[in-house]
Amino acid sequence: MDSRQHRRVRLRLPARLRWTAPLGQRVETGETIDVSRSGLLVSTKVPHARGVPLWVTFPYDSSSSEGQPEVLARVVRCQEVPEVVHSPNAGEKVQSASAPGLERIAKLDQLVRALGICEVPFTFAVAIHFDDKSQTASNGNSHGHDPERRGSPRRALAVPVRIRPEPMPWFEEAMTIDFSSKGMRFRSHREYQPGESLKIAFEESTLTPWSGSGEFRSRVVRVEPAPDGIALDVSVCRVE
């Protein structure tokens, strides 16, 4: 019996995954196996640990020169897709399956390869669940019921940014969570202190939420643990 809240639809479209690795951000493009309103099942070449946060662009258009929106999500399951072997006597067959139901994935990949749609078979089926929007609708505090005290409204937006403390030349690759005209919140794996001065640059100029270009001076106003307990959510305000 399927206990999922939303109905899944078999759909094969490109999806881009972005996540934070020890030496910076990594990006991989895969293809969906099925989709629902709350998440995706994606074929990838790289395994992803359960509970790891990542940012998803779906559907992803590699030919587009403009920035494409990314959605914060979390890995809920990662299973190895069975290999398809070629036997001169028995023809093609599934060699092994790590979990029930993955045999149909192998058959689908067989058809895709036969049609010449993709040259290299994928090796992992990664189930991804989108984070609730309520996590980004609060005031940046651990208590979501606190009233909004900002003079300008905050909007949820995930875009890649480069953060560096003044005057340090080495930057950190991070992702924004939300922003307003006077500040923003981003998820970081570095430790920052309230009152610390930072320089912020947006990687894609088409998705810059602030007017202007180059690096923006800002000041840390709040640092809190992220929901995963590993990263930090850092709130900053712009310094004109």
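Heads up: the structure comes first, above all this text.
How each quantity is defined
- Numbers given for residues are sequential positions, taken from 1 along each chain in its written order.
- Local features in this predicted model are restricted to residues of pLDDT 70 or higher, and side-chain atom pairs are both shown and tallied only at a pLDDT of 80 or more, whereas totals for entire chains, interfaces and linings draw on every residue.
- Each side-chain value is worked out from all heavy atoms of the structure, with water and hydrogens disregarded.
- The buried label goes to any residue with under 20% of its type's maximum accessible area, the exposed label to any with over 50%, and the partly exposed label to all in between, with areas taken from a 1.4 Å probe on protein chains only.
- Secondary structure elements are taken from DSSP: a helix is a run of H or I of four residues or more, a strand is a run of E of two residues or more, and numbering for both begins at the N terminus.
- In this description, strands pair whenever DSSP reports at least two bridges between them.
- Any pair of nitrogen or oxygen atoms within 3.5 Å is treated as a polar contact; in protein, a donor-acceptor pairing is required on top of that, and neighbouring residues in sequence qualify only through side-chain atoms on both sides.
- Whenever Lys or Arg places a side-chain nitrogen within 4 Å of a carboxyl oxygen from Asp or Glu, that contact is recorded as a salt bridge.

### Considering the pairing of strand β12 (residues 172-179)
Part 1 of the argument: Among the eight residues that make up β12, seven are buried, leaving the element largely enclosed by the rest of the structure.
Part 2 of the argument: Across four bridges, the pairing between strand β11 (residues 160-165) and β12 is antiparallel. Residue pairing across strands places V161 opposite A174, the latter belonging to β12.
Part 3 of the argument: Between β11 and β12, which pair antiparallel one after the other, the connecting turn spans six residues.
Part 4 of the argument: The pairing of β12 with strand β13 (residues 183-188) spans four bridges and is classified as antiparallel. Across the sheet, the residue bridging to D178 is R185, located in β13.

### Describing the side chain of R154
Part 1 of the argument: Inspection of the secondary structure puts R154 in the loop between β9 (124-130) and β10 (155-156).
Part 2 of the argument: Owing to a relative accessible area of 16%, R154 belongs among the buried residues under this scheme.
Part 3 of the argument: Polar contacts involving the side chain of R154 include one to the side chain of D178, which spans 3.0 Å.

### Focus: the pattern of salt bridges
Part 1 of the argument: Using the criterion set out here, one finds 12 salt bridges in the structure.
Part 2 of the argument: When the shortest N-O distance is used, the salt bridge between R18 and E70 registers 2.9 Å. One end of the pair, R18, is in strand β2 (residues 14-21); the other, E70, is in the loop between β5 (53-57) and β6 (71-80), with 52 residues separating them in the sequence. The residues R18 and E70 share a single accessibility class, namely buried.
Part 3 of the argument: A salt bridge links R185 to D233; its shortest N-O distance comes to 3.8 Å. Highlighted residues: R185 in strand β13 and D233 in strand β16 (residues 232-238), separated in sequence by 48 residues. Like R185, the residue D233 is buried in the burial classification.

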